[in-house]
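Structural overview for review
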Amino acid sequence: PKVFWYKRQFEIQLLFANYLELVEKTGYQPARKVVEDNIAELAIRVTARKKMLVVYVQKAFRGFLSRRMVKFFRSEMARLFQISVSKALKIQRLYRAHRVRLMIPKILAEKKREEVMNEYLKQTEGVLRKKKKKANNERGMSAYRKE
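What counts and how
Residues numbered from 1 in each chain as written. Predicted model: local features only at pLDDT ≥ 70, side-chain atom pairs only at ≥ 80, totals over all residues. Heavy atoms only, no water. Helix = DSSP H or I, 4+ residues; strand = E, 2+ residues; numbered from the N terminus. Bend = angle between axes of the 7 residues up to and from the residue. Buried < 20%, exposed > 50% of the residue type's maximum accessible area, 1.4 Å probe, protein only. Contact = heavy atoms within 4.5 Å. Phe/Tyr/Trp six-rings, centres within 6.5 Å; stacked < 30°, edge-to-face > 60°.

Right, let's talk about unusual backbone geometry for a bit. Leaving glycine out, the prevailing phi sign among residues is negative, and the prevailing peptide bond configuration is trans. The residue after Gln29, namely Pro30, is reached through a cis peptide bond having omega 0°. At Tyr28, a residue that is not glycine, the phi angle is positive and equals roughly 55°. When you line up the elements, Tyr28 lands in the loop between α2 (19-25) and α3 (32-146).

At Met103, α3 shows its strongest bend, of approximately 35°, with the proline Pro105 following within four residues. Taken as a whole, α3 has its buried residues at Val35, Asn38 and Gly63. For α3, the elements touching its buried residues are α1 (9-17) and α2.

All chains considered together, the criterion is met by 1 aromatic pair. Between Phe61 and Phe64, the ring centres sit 6.2 Å apart and the planes meet at 35°, which makes this aromatic pair tilted. Here Phe61 pairs with Phe64, and both are found in helix α3, just 3 residues apart, close to one helical turn. You can call Phe61 partly exposed: its relative accessible area is 46%.

Here you go:
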């Protein structure tokens, strides 16, 4: 049913200021009882609309707060995870450094062994070359002598 039938601005202002005067000026068309019922219906609708808007604002604000709390929770969890991981990484780093310190003498000894072996191979190679050269020279000389 039609609830609000006033369209002109001064009628609306007069309705909210003093509806009894408006009913008198309109010649009790519609009747005072109908106007009062309509005003009560309007009040119910306005109250319902206000409640709906309040719920909407509360819902938006609660959503904002919960998103903010979730963001803070996630950042705290990440921070705590980094702290716990950093401790494990520190232990790993110290263990690896210790292991390398234990391995350095072995590595240096192996390097020294390789250097000594290379030097030995160079010397024996030189000696073998000299022997081969001498043997070749002797073969050449023996072949020359036979001729």
